[in-house]
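Residue-level listing of the chains:
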Amino acid sequence: MYNNKRLALSIFWIVLGVVLLGLSVAEVIESTYYGGMGGGFIAVGILQVMRNLKYRRDPEYREKIDVEVSDERNKYLRMQSWSWAGYIMVIGLAISSVIAMILGQEQVQLTLMYSMCALLMVYTISYYILSRKY
């Protein structure tokens, strides 16, 4: 599962994080958001490098990860989780937009409705692509 591309990507996140954090500290970038984002990239990169190295060195961990990735039950559960997440997001966005409309927050309502519309468009497009494939 883990390969040199993943290790290189993890190292890229660390380097990008250091650059963003450095630019933020040097005040080349004025916003502190980039410093926080840089710190997050560094943390994620370090954790991914550690996982990658553990996968390469520990045969028991390698077997456990390989089983998790290739197990049919886990694939089914991941697919079902995405399905539920999609339904919950559409319903949550619809309810939230109605609440925003009642509260007179037109901009919030439009943002929520556009988000719901975009999600449904992605669903429809992916449905048509998958129906042709399967």
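Placed above this text is the structure.
Rules and cut-offs
- Residues numbered from 1 in each chain as written.
- Predicted model: local features only at pLDDT ≥ 70, side-chain atom pairs only at ≥ 80, totals over all residues.
- Heavy atoms only, no water.
- Helix = DSSP H or I, 4+ residues; strand = E, 2+ residues; numbered from the N terminus.
- Rg over C-alpha atoms; globule rule 2.2 N^0.38 Å.
- Expected span 1.5 Å × (residues − 1).
- Buried < 20%, exposed > 50% of the residue type's maximum accessible area, 1.4 Å probe, protein only.
- Contact = heavy atoms within 4.5 Å.
- 1 Å grid on protein atoms, 1.4 Å probe; cavity = no way out; pocket = protein on both sides within 12 Å on 5 of 7 lines; lining within 4 Å.
- Points joined across faces, edges and corners; volume = space filled by probe spheres on them.
- Nonpolar A, V, L, I, M, F, W, Y, C, P; charged D, E, K, R; others polar.
- Axes fitted to C-alpha atoms, helices over the stretch in contact; angles between N-to-C directions.
- Parallel < 35°, antiparallel > 145°, perpendicular 65-115°, else oblique.

Caption draft 1: Molecular detail of the overall build of the chain. In terms of regular secondary structure, the chain is built from five helices and zero strands. Taken from the N to the C terminus, the helices and strands of the chain come in the order α-α-α-α-α. Taken over C-alpha atoms, the radius of gyration comes to 21 Å for the chain, far larger than the 14 Å a tight globule of 134 residues would show. Here the C-alpha coordinates of the chain stretch approximately 55 × 50 × 25 Å along the principal axes.

Caption draft 2: Local environment of helix α2 (residues 33-57). Across its 25 residues, α2 extends 36 Å between first and last C-alpha, which sits within 8% of the 36 Å expected from 1.5 Å per residue. Inspection of α2 places G35, G38, I42, G45, V49, N52 and Y55 among the buried residues, and these make up the whole buried set. Along its buried surface, α2 packs onto α1 (4-25) and α3 (59-70).

Caption draft 3: Spatial organisation of unusual backbone geometry. Look at E27: it is not a glycine, yet its phi comes out positive at around 60 degrees. Note on placement: E27 falls in the loop between α1 and α2.

Caption draft 4: Structural view of the layout of surface pockets. Each pocket or cavity is described by its volume, and for the largest pocket that value is around 490 Å³. Along its surface, the largest pocket is lined by 15 residues, and W82, S83, G86, Y123 and S126 are the ones closest to its centre. Contributing elements (two or more residues each) for the lining of the largest pocket: α4 (72-102) and α5 (106-133). With nine residues, α4 is the single largest residue contributor to the lining of the largest pocket. Split by residue class, the lining of the largest pocket holds eleven nonpolar, four polar and no charged.

Caption draft 5: Highlighting the packing of α3 against α4. Two numbers describe how α3 lies on α4: the axes approach to 5 Å, and their chain directions differ by 55 degrees. Viewed along their axes, α3 and α4 adopt a mutual orientation that is oblique. Contacts between α3 and α4 involve V67, E68, V69 and S70 from the first element and E72, N74, K75 and R78 from the second. Counted by class, the contact of α3 with α4 contains two nonpolar, two polar and four charged residues.

Caption draft 6: Summary view of α5. Along its 28 residues, α5 runs 40 Å from first to last C-alpha, staying within 8% of the 40 Å computed at 1.5 Å per residue. All of the buried residues along α5 are Q109, L112 and M116. On its buried side, α5 packs onto α4.

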